[in-house]
Structures are given as structure tokens and as C-alpha cells.
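Survey of secondary and tertiary structure
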Amino acid sequence: MRLSKFILGALLVAVSCTKVPGHIVNELRAPAYPLITIDPYTSVWSSTDKLYDSEPIHWTETDFPLLGILTVDGVQYRFMGLSDVSRTAVQHLADVQATRTIYDFTCGPVDLKLTFMAPLLMDDLDLLSRPVNYISYEITSNDGSEHDVEVCFRADEAWARNDTTQVCVKSDYYDDRFCYVKCGTESQQILGKKGDDLRIDWGYFYMAADKASASACGDLLALSVEIGKVGDNSVDGYVMVGYDDLYSIQYFGRDMRPYWNRNGDASIEGQFTLAADDYAGLKERCVRFDNDLMHDAVQAGGKHYAELCALAYRQTLAAHKLIMTPEGDLAYLSKECDSNGSIGTVDLSYPSSPLFLLYNPELAKALINFIFHYSESGKWTSPYPAHDVGTYPVANGQTFVGDMPVEEAGNMLILTDAICKAEGAPDYALLHWEVLTQWADYLVENGLDPADQLCTDDFAGRFPRNTNLSAKAVLAIAAYADLAEMADKTEVAEKYSAKASEMAAWWKKMAVAGDHYALTFDRGDTWSQKYNLVWDRVLGYGVFDGDIVEDEIAFYLTRMNEYGLPLDSRRNYAKSDWTIWTATMAPDMEDFHALIEPVYRFFNETVDRVPMTDWYNTDSRTYMHFKARSVVGGYFMKVFDAKYNGS
């Protein structure tokens, strides 16, 4: 029965692509607005409500200047970025959808609709990895007269270098269709740096537009597009922004090209040509996808919840790079942005997984294929999974200091089961059965009452007897039993299912602390969000008694601060992804909204204008740390639950 629900859910996702519901405007005042979102290096945002009140920034908060000027009858109007052009457009709207950010302006006698589109549609991996975004414009006279119009976009060398001391080379050229401007460093030290607060300084930044109307602007990194006469009928067009990184990832000693050029026979000019050929169709597909996503999320959790999901979508995908490994596997490698720069972190893949499980389980596999490879190749020899495979963009083996044994073993087992249930078959697990069994047995021996170790909330420090971590271990053993049942390994399924139930009963007895359940088994005066329990509901294990979650949710509602529920009793900070997982367990929508609304209020009111954080203070409008991370893909847990369980 549980399996059939998952198959039905997958069909619902596919069928949703045929709907064309109306547009729902995202009214959230985003802490930062996504503009160009290709990968962890080309990830550019606006940090102000008005697009012309600041320079666009890289997610690391380094200025990535991008100037936009509309000239109307010889009068210049600045609509993006900063310059000595004193006359600014008047902005009326900023609307963040999953694949598009839409702005409306008035520039004197004409109106301008500006759209940043990143066609990150997960059912097409060549498209997902194509390193080209669009800036489109639609211009209409607002006074009944015709006007001569020209638009100019000017970038900066910052787009192709890590710091201002690096010398860049700029050029422009034409091919059969496009005018290009291009920039890159002289040094071109490919894959020469690894770490967190870094920008790419190899490969080349490009802008391109139709050469019939576009021209390069001298030695500036700029394109000018002659639009001509604009009247009551709108005139539209677009420029393309792209980055050719040449090689993307060093994977266990081998320099790997991006997925779009995995065979080494593609060119960036070819990608721009494909982008232009596909533009009209992609525009329709993105509109349809954005509308469907918003409608599905509104239905699952309400409009404010949907607005958070829309803002999280591109951030999640832009924190990854897609390659094909030498073994022929997909690897969708995350960067642990604004944390420590790790690549392929398992406890980032775990919270981000609901988004990928919803839209393409192959990408969910790609989040962990390399972890299986690392263990099965003998490069990693511990009886539990690695935390990561290196420091971005070098994936040569774990660099994080300190393992997370129970955390990562639990994550890998639960994710594998979720993937197999989404696909309706155990095939993926059977490819890795030996190591999955090893991890399950490790948790049977070590997971119920964890020793002094880190969990995914490693910023809180090490501590033993963590009840939420223990719950993950119990659920992971249930996941292994579920995989065995799918694979017709009946005796194995019965053995591990019985063990999970036995452990869950012990957990309830030892963790209870009156009207709630404690942070650790030995501290009854504490509490914590038991967000890991969400899988008991979503994947249908049913190993924990239902009254545990009911009691926990009721208790949480007595511990709320202005901007939400703290992670646990030690501090007032929250993790927004975990709060949404916790809210997904709520027995009714009233309680769900009570937990979600303060999170929405924080993002609407925060003074920290950075890409969405996942670690913030619940008693102030400030964030602790972490921005632009992939974990916000976990916001889709409520949609995931609604798809597969009809809630």
C-alpha cells in the first residue's frame, strides 16, 4: 500500500506538467533576489528591494556589478546596478518565481518588464547543466506615442576573477548569429583553488545577443541592443549570460568537464545557439513549471509557504554542479556554501532531498552516488559513510575534520529508501546492498544511544545520547527493512523491522520528559525539535507511536519566539529547513501555519540582505550564519508529503 502511494505520487508530478494554472505573484520581500543562477560560482543576487539601489552581489557578498540602462528618445534611465546615470527607472514589482525573477519598471514614457530566467528544469539534465541564463525585456509605450529605445547591459571583470588583483582580458567577437563579449583572467589556473569564500578565476564569462541589433561597447564588457521604435504594441527580446568553466570538478584525481560538455566535443557558442533556439519554448515551459509549483505548494501549505518554496528553488540548484563520473554515474555535487566549503556533503543532501525526490529521483541518486563509490572503491574504509568527498571543487576524499557516524549512516539509508520508493523498485538499493547492510548493522549496534559525536547540527557542538539522532538511526533501520521487503528479502525485512520497533519502544521510554521528549536521554529538563521523525510519516514506517509527534507539536507551540521555534532548549536560534520538516508532522493545518508563519515573517523582515539563510535568530531579525545553501530544498517536504500521502 505504501509503495502504491509513492507510484501514484510520481504520476501526479508528471501529470502536473500538463496544467496551466494562473500566475500567483510572490509578495515576499526576499532578503535577496536571484538574478543569474548557474552553479556555486556563477550565483548572482540583488540585495535591495529596488534593483537599481545596489550592485548585484555574488552569494559571498562580493559585488558583481551588472548595469542596466534603457535609453528612451536619448534620455537614459538606470534600472539595474549603480553608475553616474542619475535618472532612475521607477520599480513597481519584484516577483520571485521558481525559475524566474520578474521586475516591472516605468522609464519615463515607456514601461519595462525585465525577467531573469534560469531554465533549471530537472527533467532535462542537458538543460539543467547548460551554463546560460536569460535577461529578457518587454517594452511598451505608456503615453500613446512612439519612442526610440535602446537597452544596454554592462558587466564587470569581477564575474571572472576571485579578487581585484587578478588581471583580466576582455574581448568581443561575432559569429553567424551573435555578438559576444567575453572576459577571463590571464592566469587561467584551472581548478587551482578550493575553499568557501572564493569566486571562480578560470574559464570565461560571456554575454551574447543577436548580432542583427546588438553591438559591443568599445573596451567595456557591455552589449548595446538597438530596439528601435516602440509604441502601444510591446517589443521584446533578450540577452544571454553564460560561463564556460572548462573543467568543473576534480573527481578522485581526474579533472572533469561539466555535464553539458562531458564528452569534450561541445562549445560555449553551441550552448548559446541551443539557448537561443530553445528560448520561446523554454519561456513557456518555465511559466508553466513556476505556476504549477506555486499552485502545488499553495495547496499543500498555503501561499506564504509556497512563496518560501519559490525562493528556495533556484538557490538549491545553484549550489550544485552536475558531472558524469568516470564510472558513468551522475554526480550532482553540492557546495557547502558559507559553512566550510565541503563538496558533496551527505548531511546537506539529506535535507535538500525532498526537492529532488519530487522532480527527478535520478538527481536524488546523483546526490549520493559518489558516497557509494567512495566506500565501495575502498578509498573510504570506515563502517559508516563519509561526511563529504572533499572541499569544493576538489572531490578527492573527505576533508571535514571529525566524522558523523550515526548521522551519515542514517542519512544514506533513509535517502536510498526514499529513492527506491519514488521509483517503485528496489533496483538502486540492490546495486549497493553490501554497503547498505554494513551501515544498517552499524546502526543496530551504535545508533540507539549514540556516543559523543556530531550530528548535522554540528554548529551546536558534540554531545552524547542525542534523542533526535537516535530517532534517525531507528528510522534508518526501518528504511533498510523496507528496502528488504521491496527486494523480496522477507526474512531480512522481518528481522530489521522487528529491531526498529524494539528500538522505537525503548526510545519512547527513555526520552520521555513529562509532556515532551528530551534533547538527550539523560537530560529530562531539555527539549529539541525531532525533525527526523518526519520520515516515519512520509515514508509510512509507523515504527514510532503516533502520540509522540502529537505531544511534541503541542509542546513546541508553547516554546515559540517572534520569528519561530528554536532548534532546541540550548539557544534561541532556529534552522529553517528543520522547522519546516517539524511543521510537516503537525496533525492539522492550523498547527502547520503556526510553525511556518514566523519563518515567513523572518524572511520578510530580516535586516540581513543575503541569499536565504537556514540558521537564524528567532528573537531578532538577524541571521547567525549560512546563506545560499542547498538545504533549503528541504522546504519542499510539505509538498513531498502531500504528493505521496495525500495530506
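Up top is the structure these notes are about.
A few points on the structure. (Residues numbered from 1 in each chain as written. Predicted model: local features only at pLDDT ≥ 70, side-chain atom pairs only at ≥ 80, totals over all residues. Heavy atoms only, no water.)

1. With respect to unusual backbone geometry
With an omega of 5°, the peptide bond between Tyr 392 and Pro 393 qualifies as cis. Among the structural elements, Pro 393 can be located in the loop between helix 7 (369-376) and strand 21 (394-395). Backbone geometry at Leu 191 places phi at a positive 55°, although glycine is not the residue there. Take Leu 191: it is sitting in the loop between strand 12 (178-185) and strand 13 (204-210). When its relative accessible area of 9% is taken as the criterion, Leu 191 is described as buried. (Helix = DSSP H or I, 4+ residues; strand = E, 2+ residues; numbered from the N terminus. Buried < 20%, exposed > 50% of the residue type's maximum accessible area, 1.4 Å probe, protein only.)

2. Looking at helix 14 (residues 546-556)
Considered for burial, the residues of helix 14 that qualify are Ile 548, Val 549, Glu 552, Ile 553, Phe 555 and Tyr 556. All buried residues of helix 14 project into a common sector of 160° when viewed along the axis, lining one side. On the buried face of helix 14, the contacting elements are helix 12 (490-511), helix 15 (576-584) and helix 16 (589-605). (Arc of directions from axis to C-beta. Contact = heavy atoms within 4.5 Å.)

3. What about the packing of aromatic side chains?
The tally for this structure, following the rule as stated, stands at 55 aromatic pairs. On the numbers, 5.9 Å between centres and 50° between planes, the contact of Phe 79 with Phe 105 is tilted. Here Phe 79, found in strand 5 (residues 75-80), pairs with Phe 105, found in strand 7 (residues 100-107); they are 26 residues apart in sequence, far enough to count as distant. Per residue, the accessibility class of Phe 79 equals that of Phe 105, and both read buried. Summarising the aromatic geometry, the rings of Tyr 563 and Phe 602 are spaced 5.9 Å apart at their centres and angled 80° between planes, so their arrangement reads as edge-to-face. Of this pair, Tyr 563 sits in the loop between helix 14 and strand 22 (573-575) while Phe 602 sits in helix 16; the two residues are 39 residues apart in sequence, bridging distant segments of the chain. The pair Tyr 563 / Phe 602 is uniform in exposure class, with both members buried. Chaining the aromatic ring pairs together yields one cluster made of Tyr 33, Tyr 52, Phe 79, Tyr 103, Phe 105, Phe 116 and Phe 153. Its guanidinium or amino end placed over the ring of Phe 252, Lys 379 lies 5.5 Å from that ring's centre, counting from NZ or CZ. When the ring centre of Phe 592 is taken as reference, the NZ or CZ atom of Lys 638 above it lies at 4.8 Å. (Phe/Tyr/Trp six-rings, centres within 6.5 Å; stacked < 30°, edge-to-face > 60°. Lys NZ or Arg CZ within 6 Å of the ring centre and 35° of its normal.)

4. As for the sheet that holds strand 16 (residues 235-244)
Strand order across the open sheet formed by eight strands is 6-7-8-9-16-13-12-11, with antiparallel pairing between neighbours. Because the sheet does not close on itself, it has two edges, and the strands there are strand 6 (90-96) and strand 11 (168-174). When the angles between neighbouring strand axes are averaged without regard to direction, this sheet yields 15°. Note that strand 12 and strand 13 share six bridges and pair antiparallel. What sits directly across from Tyr 180, in strand 13, is Ala 208. Against the sheet, helix 3 (residues 268-301) makes contact with strand 7, strand 8 (110-117), strand 9 (132-141), strand 11, strand 12, strand 13 and strand 16, and its axis sits at roughly 120° relative to strand 16, the strand it touches most. Sheet strands touched by helix 4 (residues 303-318): strand 6, strand 7 and strand 8. Its angle to strand 6, the strand with the most contacts, is close to 80°. (Pairing = 2+ DSSP bridges. Axes fitted to C-alpha atoms, helices over the stretch in contact; angles between N-to-C directions.)

Function cannot be read off these values alone, since they describe shape.
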